[in-house]
Amino acid sequence: MFVEPSVGSEGACRSQQTPRTAARMDEQALLGLNPNADSDFRQRALAYFEQLKISPDAWQACAEALAQRTYRYSELTTIQQQLIRETLISWLQAQMLNPQPEKTFIRNKAAQVFALLFVTEYLTKWPKFFFDILSVVGLNSRGVDLYLRILMAIDSELVDRDVVHTSEEARRNTLIKDTMREQCIPNLVESWYQILQNYQYTNSEVTCQCLEVVGAYVSWIDLSLIANDRFINMLLGHMSIEVLREEACDCLFEIVNKGMDPVDKMKLVESLCQVLQSAGFFSIDQEEDVDFLARFSKLVNGMGQSLIVSWTKLIKNGDIKNAQEALQAIETKVALMLQLLIHEDDDISSNIIGFCYDYLHILKQLTVLSDQQKANVEAIMLAVMKKLTYDEEYNFENEGEDEAMFVEYRKQLKLLLDRLAQVSPELLLASVRRVFSSTLQNWQTTRFMEVEVAIRLLYMLAEALPVSHGAHFSGDVSKASALQDMMRTLVTSGVSSYQHTSVTLEFFETVVRYEKFFTVEPQHIPCVLMAFLDHRGLRHASAKVRSRTAYLFSRFVKSLNKQMNPFIEDILNRIQDLLELSPPENGYQSLLSSDDQLFIYETAGVLIVNSEYPAERKQALMRNLLTPLMEKFKILLEKLMLAQDEERQASLADCLNHAVGFASRTSKAFSNKQTVKQCGCSEVYLDCLQTFLPALSCPLQKDVLRSGVRTFLHRMIICLEEEVLPFIPSASEHMLKDCEAKDLQELIPLINQITAKFKVQVSPFLQQMFMPLLRAIFEVLLRPAEDNDQSAALEKQMLRRSYFAFLQTVTGSGMSEVIANQGAENVERVLVTVIQGAVEYPDPIAQKTCFIILSKLVELWGGEDGPVGFADFVYKHIVPACFLAPLKQTFDLADAQTVLALSECAVTLKTIHLKRGPECVQYLQQEYLPSLQVAPEIIQEFCQALQQPDAKVFKNYLKVFFQRAKP
């Protein structure tokens, strides 16, 4: 018999194993945490927590306590709740007497606890929450610190838009704010003023905290409590104190951002601006602190946007006089806005872009611009052009966080450029042309960033001055002429030879963006093609440039295929070495990655197929392109069969997969079988098929090889159509051997494609492989897996979906006889799996497919001439499935996918009624629905809805029926 050691029995504890804790916290022990508890309770609490620390299952007790927090508090007695309130206030008092302050994270956690208790009790049991806290903390710096943290935690609970609240919580929060406005906000504001006044020169940390609180609360309290002389003067004073001014800036920003009457807002902003200007804050060229300037820029942005909102409201209200004043106020801020926009620090510039963008939106709405407004537009344009420029520190080879931020900043500037184009397209075009022409005239002696931005501006014009289908070189003559001149300069200036990757890439991007230029001036195609093909493009020293150029070259050739005819053979000869399949053993580092080579093969295919050559020549060129791949493939497959080392096997398999992928990619030039035949290329692709299919019987690296060959078969079904059919049975047989879930998931879409495309033509093949495929699927689905193996569960779910999709394709393609001819036992097994899919698995996508299959089978077999026994199956299994599935708790009628499944369930019931007529209604009325204990009047209602000719009426009814039926 074992005696449990007492809590205080230290020796006994050591002699036993580490004690286990009860699954729940010891509530008696917790009472010892109260500062007023007697010494016995405290001793018990300390001993309990010491035991908790070493207990192996302590985490369970803590997790349980944490999980139950939201509803456990309400279960406490009134005395216990009062005890918690007193404990917190006592803890707060103790903080002001402790020799050392608590660690920051403890103070933050305590503030959260206070905030949670506040939202629970303020409206009912603790209306004097703030008065109690203020009476304790007074102006003690430690107390004030905690008070401000509590206020921020409360704001987070009530207002933080990043926190998702239920509708009930949102209502509660609104009520709390309304009550606070009535009862205590003026007192809180007064306390903030006293804190700021008391600590502004002696404790910057507390002052900044207080400014943050003011900024947070100002959005939902009466603004007049803050936007008054004594508060604003103090905040403006803080703007001159180095350690406070950033926080003061943010606080003023929140005040300015507060929603209010447009005229009042205008007066507030103007008075703020006057004081800031007279205090010298607008002279930003004398300010060296970029962190402060970034905050100040945000404040100016807020003031500018607030004035624009006021102007918009006043115009809408027809108040022209005040709107004019607002516009005047906006105009007086533009000079400052421009100074901030052009600032060398991108954060400062980025913070003012919103004001700039909205100002341009105003100008866009004005019918006539004044000279000053035109000058402003031009100044913004020049600022954007300057700020688009890369700086010397930008790392093009290893782009990190700073580079990513500049790319984002450039996107903001692009939006400004687009808005400038809406205000004054002629001015933008003229400005870009001026910068572009002067830069490219002397590109050899100009810094890379200036050359890059000049080309970039030309590139950006394509979106800033939009046209339909890229027709930049027709229509508006002056615009077309200007763009044509710039493109001519770009391709003839020799700038493509500039020795910097950013310029090179921008050149190729722009050439492809304006490909229509080459239909107007085709004489420039040869020099651009050479740039793509030599050391400037596909043979550039930088892998990044080579990779991007491969893609752009493919786009260039495809878009100009009609102009390519004179250069085809030359191009094919020049890219010959780039088409080389690089086997792993030769150690040769190819210029392009296999992904990049895909684009080159596609380009070669496009050139051959779209050429004006006769079919024989096209066939010869395509054979020249694909024969090296086939020859290499045979050699590499033999090597793989003999390879012993697993790493070598993997690299050989990758290489084989690339060969199949390259051949597959050349076929993208064909749209259908007709074009393949016209080019005389069917034979070449059939040869490829015969070359690649033996890889399916290779026992090594099956996943990689099968994946490549499957993709090729998909393409060949489109390109060769029925010519591919003789290869399918053997290929499918190989792919069904040693199958995993993933293999089957990828094989089924191939079978579906064949079934949907060829229908009756492939009936014998489908009949033959139907059960072997199903057996392989069932075998994988029945394999045992660990309960918590999420990956295996997901694989099985996806395979189940694929299986049902296969059955849907077979039934939907008019091939139900393929199922019917599998023998009665197999047919029943298949039908039972569909019923299971509809009812048992909580997967609405699969359930929807199952109901589609069932309604199709009822349509085909549910009549009097259907297979023997199918009518019984309908009543015994399909009708119950239509009720059992929606009645499951997992069938969530609020989920969109589930509603689609229910819709198909309704179609199934309607189809049964259509095929079986009054017999179906009688069965539901007299047998099935009574067995579910459905009330007679509801049964009557259901059957009437079912007999409605409009299917939509029944679908809507069925949803309501199950909503009522579910608890």
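Predicted, not measured: the structure shown is a model, and the values here were computed from it.

Trainee: Is there a simple way to think about the overall build of the protein chain in this case?
Mentor: Along its length, the protein chain carries 48 helices and 0 strands. For a compact globule of 967 residues, the expected C-alpha radius of gyration is about 30 Å, and the protein chain comes in at 38 Å, more than 25% above that figure. Along the longest, intermediate and shortest principal axes, the C-alpha atoms of the protein chain span 95 × 95 × 70 Å. Among the 967 residues that make up the protein chain, the fraction classed as buried is 49%. Taking the contacts inside the protein chain whose residues are at least 6 apart along the sequence as the reference set, 72% of them involve residues at least 24 apart. Summed over its atoms, the accessible surface of the protein chain is roughly 46,400 Å², and 52% of this surface lies on carbon and sulfur atoms. Of the side-chain charges in the protein chain, 94 are positive and 121 negative, and the distance between the mean point of each set is 4 Å.

Trainee: How do you make sense of the packing of aromatic side chains when you look at a structure like this?
Mentor: The description of an aromatic ring pair rests on the distance of the ring centres and on the angle between the ring planes. Counted by the stated rule, this structure contains 50 aromatic pairs. When the centroid spacing of 6.0 Å and the interplanar angle of 50° are considered together, the rings of Trp 443 and Tyr 498 count as tilted. Of the two residues, Trp 443 is situated in the loop between α23 (425-441) and α24 (448-464) and Tyr 498 in the loop between α25 (477-492) and α26 (501-513); the sequence distance between them amounts to 55 residues. Comparing Trp 443 with Tyr 498, the two get one shared label, buried. Here the aromatic rings of Tyr 601 and Phe 662 are separated by 4.7 Å at their centres, their planes lie at 10°, and the arrangement is stacked. Highlighted residues: Tyr 601 in helix α31 (residues 594-609) and Phe 662 in helix α33 (residues 646-666), separated in sequence by 61 residues. Look at Tyr 601 and you get buried, because its relative accessible area is 2%.

Trainee: Would you mind showing me how to read the nonpolar core here?
Mentor: Looking at soluble globular proteins, one finds that nonpolar side chains tend to be buried together. With 322 residues, the main nonpolar core has Met 180, Trp 192, Phe 296 and Phe 883 as its most contacted residues. Broken down by element, this core gets its largest block of residues, 13 residues, from α24.

Trainee: Help me out: how do you make sense of helix α38 (residues 741-758) in this one?
Mentor: Given 3.6 residues per helical turn, the α-helix brings residues three or four places apart onto the same face. Spanning 18 residues, α38 covers 26 Å between terminal C-alpha atoms, matching the ideal 26 Å at 1.5 Å per step. Extensive coverage of α38 is indicated by the burial of 13 of its 18 residues. Within two residues after α38, Lys 759 carries a phi angle of roughly 45°, on the positive side.

Trainee: I tried to follow the environment of Asn 322 on my own but got confused; where do I start?
Mentor: Within the secondary structure, Asn 322 is located in helix α17 (residues 320-331). Relative accessible area serves as the criterion here: at 16%, Asn 322 is assigned to the buried category. With 12 residues separating them in the primary sequence, Asn 322 and Ser 310 have C-alpha atoms 9.2 Å apart. With sequence-adjacent residues up to four places away left out, Asn 322 is seen in contact with Val 263, Met 266 and Leu 314.

Trainee: When you look at a negative patch on the surface in this model, what are you seeing that I'm missing?
Mentor: A cluster of acidic residues, Glu 786, Asp 787, Asp 789 and Glu 795, forms a negative patch at the surface. With respect to the element layout, Glu 786 can be found in the loop between α39 (763-781) and α40 (790-812). Judged by its relative accessible area of 60%, Glu 786 falls in the exposed class.

Trainee: Teacher, can you tell me more about the pattern of salt bridges here?
Mentor: It is possible for side chains of opposite charge to pair when their charged atoms get near one another. The final tally for this structure, using the stated rule, is 46 salt bridges. Here Arg 295 and Glu 246 are joined by a salt bridge, their closest N and O atoms 3.5 Å apart. Within this pair, whereas Arg 295 is found in helix α16 (residues 290-317), its partner Glu 246 is found in helix α14 (residues 245-257), the two being separated by 49 residues in sequence. Take Glu 246: its relative accessible area is 22%, and that puts it in the partly exposed class. Close ionic contact of Glu 408 with Lys 411 constitutes a salt bridge, the shortest N to O distance being 3.1 Å. Placement of both Glu 408 and Lys 411 in helix α22 (residues 401-423) is noted, with a separation of 3 residues, approximately one turn of the helix. Exposure remark for Glu 408: the relative accessible area of 45% places this residue in the partly exposed category.

Trainee: Where do I start with the side chain of Glu 515 in this structure?
Mentor: One can find Glu 515 in the loop between α26 and α27 (517-520). Setting aside its immediate chain neighbours within four residues, Glu 515 contacts Ser 559 and Leu 560.

Trainee: What is the right way to look at the packing of helix α15 (residues 262-278) against α17 in this model?
Mentor: When two helices pack together, their arrangement is given by the angle between their axes and by how far apart the axes lie. Two elements in contact, α15 and α17, have axes whose closest approach is 11 Å; the angle formed by their N-to-C orientations is 30°. Accordingly, the angle class assigned to the pair α15 and α17 is roughly parallel. Where α15 crosses over α17, the two elements pack in a sense that is left-handed. Every residue of α17 that contacts α15 at Val 263, Met 266 and Glu 270 is listed here: Asn 322, Glu 325, Ala 326 and Ala 329. Looking at side-chain class alone, the contact of α15 with α17 contains 4 nonpolar, 1 polar and 2 charged residues.

Trainee: Hey, could you run me through the environment of Lys 702 in this one?
Mentor: Within the secondary structure, Lys 702 sits in helix α36 (residues 702-719). Taking the C-alpha atoms as reference, Lys 702 lies 9.2 Å from Asp 738; in sequence the two are 36 residues apart.

Trainee: What should I look at first to understand unusual backbone geometry in this one?
Mentor: Trans is the common state for peptide bonds, and a negative phi is the common state for residues other than glycine. Located in the positive-phi region is Glu 721, a residue other than glycine, with phi close to 50°. Here Glu 721 is to be found in the loop between α36 and α37 (728-735). The backbone of Asp 738 sits at a positive phi, close to 50°, despite the residue not being glycine. Structurally, Asp 738 can be placed in the loop between α37 and α38.

Trainee: Where do I start with the confidence of the model for the protein chain in this structure?
Mentor: In regions of low pLDDT, the predicted coordinates are not meant to be interpreted in detail. Residues at a pLDDT of 70 or more form 94% of the protein chain, whose mean pLDDT is 89. Note that pLDDT drops below 50 for residues 1-23; the model gives that stretch 26 contacts with residues more than four away or on any other chain.

Trainee: How do you make sense of the environment of Glu 246 when you look at a structure like this?
Mentor: On a C-alpha basis, the gap between Glu 246 and Pro 844 in space is 53 Å, while along the polypeptide they are 598 residues apart. Excluding its chain neighbours within four sequence positions, the residues that come into contact with Glu 246 are Asp 289, Asp 291, Phe 292 and Arg 295.

Trainee: Before we go on, may I ask you to explain helix α32 (residues 615-642) in this structure?
Mentor: Spanning 28 residues, α32 covers 40 Å between terminal C-alpha atoms, matching the ideal 40 Å at 1.5 Å per step. When the local axis directions of α32 are compared, the greatest deviation, roughly 30°, occurs at Leu 626, which is followed within four positions by the proline Pro 628. Lys 618, Leu 621, Met 622, Leu 625, Leu 626, Leu 629, Met 630, Phe 633, Leu 636, Leu 637 and Leu 640 are the residues of α32 that are buried. Residues of α32 that are buried make contact with α30 (568-574), α31, α33, α35 (682-692) and α36.

Trainee: Would you take a moment to explain the packing of α14 against α16 for this structure?
Mentor: Between α14 and α16, the least distance of the axes is 9 Å, while the angle of their chain directions is 10°. Between α14 and α16, the interaxial angle falls into the category roughly parallel. Contacts between α14 and α16 involve Arg 245, Glu 246, Glu 247, Cys 249, Asp 250, Leu 252, Phe 253, Val 256 and Asn 257 from the first element and Asp 291, Phe 292, Arg 295, Phe 296, Lys 298, Leu 299, Gly 302, Met 303 and Ser 306 from the second. Class assignment for the residues of the contact of α14 with α16 results in 8 nonpolar, 3 polar and 7 charged.

Calculation criteria
Residues numbered from 1 in each chain as written. Predicted model: local features only at pLDDT ≥ 70, side-chain atom pairs only at ≥ 80, totals over all residues. Heavy atoms only, no water. Helix = DSSP H or I, 4+ residues; strand = E, 2+ residues; numbered from the N terminus. Rg over C-alpha atoms; globule rule 2.2 N^0.38 Å. Buried < 20%, exposed > 50% of the residue type's maximum accessible area, 1.4 Å probe, protein only. Contact = heavy atoms within 4.5 Å. Areas by Shrake-Rupley, 256 points an atom, 1.4 Å probe, with all protein chains shown as cover. Lys, Arg positive; Asp, Glu negative; His and termini not counted. Charge placed at Lys NZ, Arg CZ, Asp CG, Glu CD. Phe/Tyr/Trp six-rings, centres within 6.5 Å; stacked < 30°, edge-to-face > 60°. Core = buried A, V, L, I, M, F, W, Y, C linked by side-chain atoms within 4.5 Å. Expected span 1.5 Å × (residues − 1). Patch = residues over 30% accessible without salt bridge, like charges linked within 9 Å, V, L, I, M, F, W, Y side chains within 5 Å. Salt bridge = Lys/Arg side-chain N within 4 Å of Asp/Glu carboxyl O. Axes fitted to C-alpha atoms, helices over the stretch in contact; angles between N-to-C directions. Parallel < 35°, antiparallel > 145°, perpendicular 65-115°, else oblique. Left-handed = near helix turned anticlockwise from the far one by under 90°. Nonpolar A, V, L, I, M, F, W, Y, C, P; charged D, E, K, R; others polar. pLDDT = per-residue confidence, 0-100. Bend = angle between axes of the 7 residues up to and from the residue.

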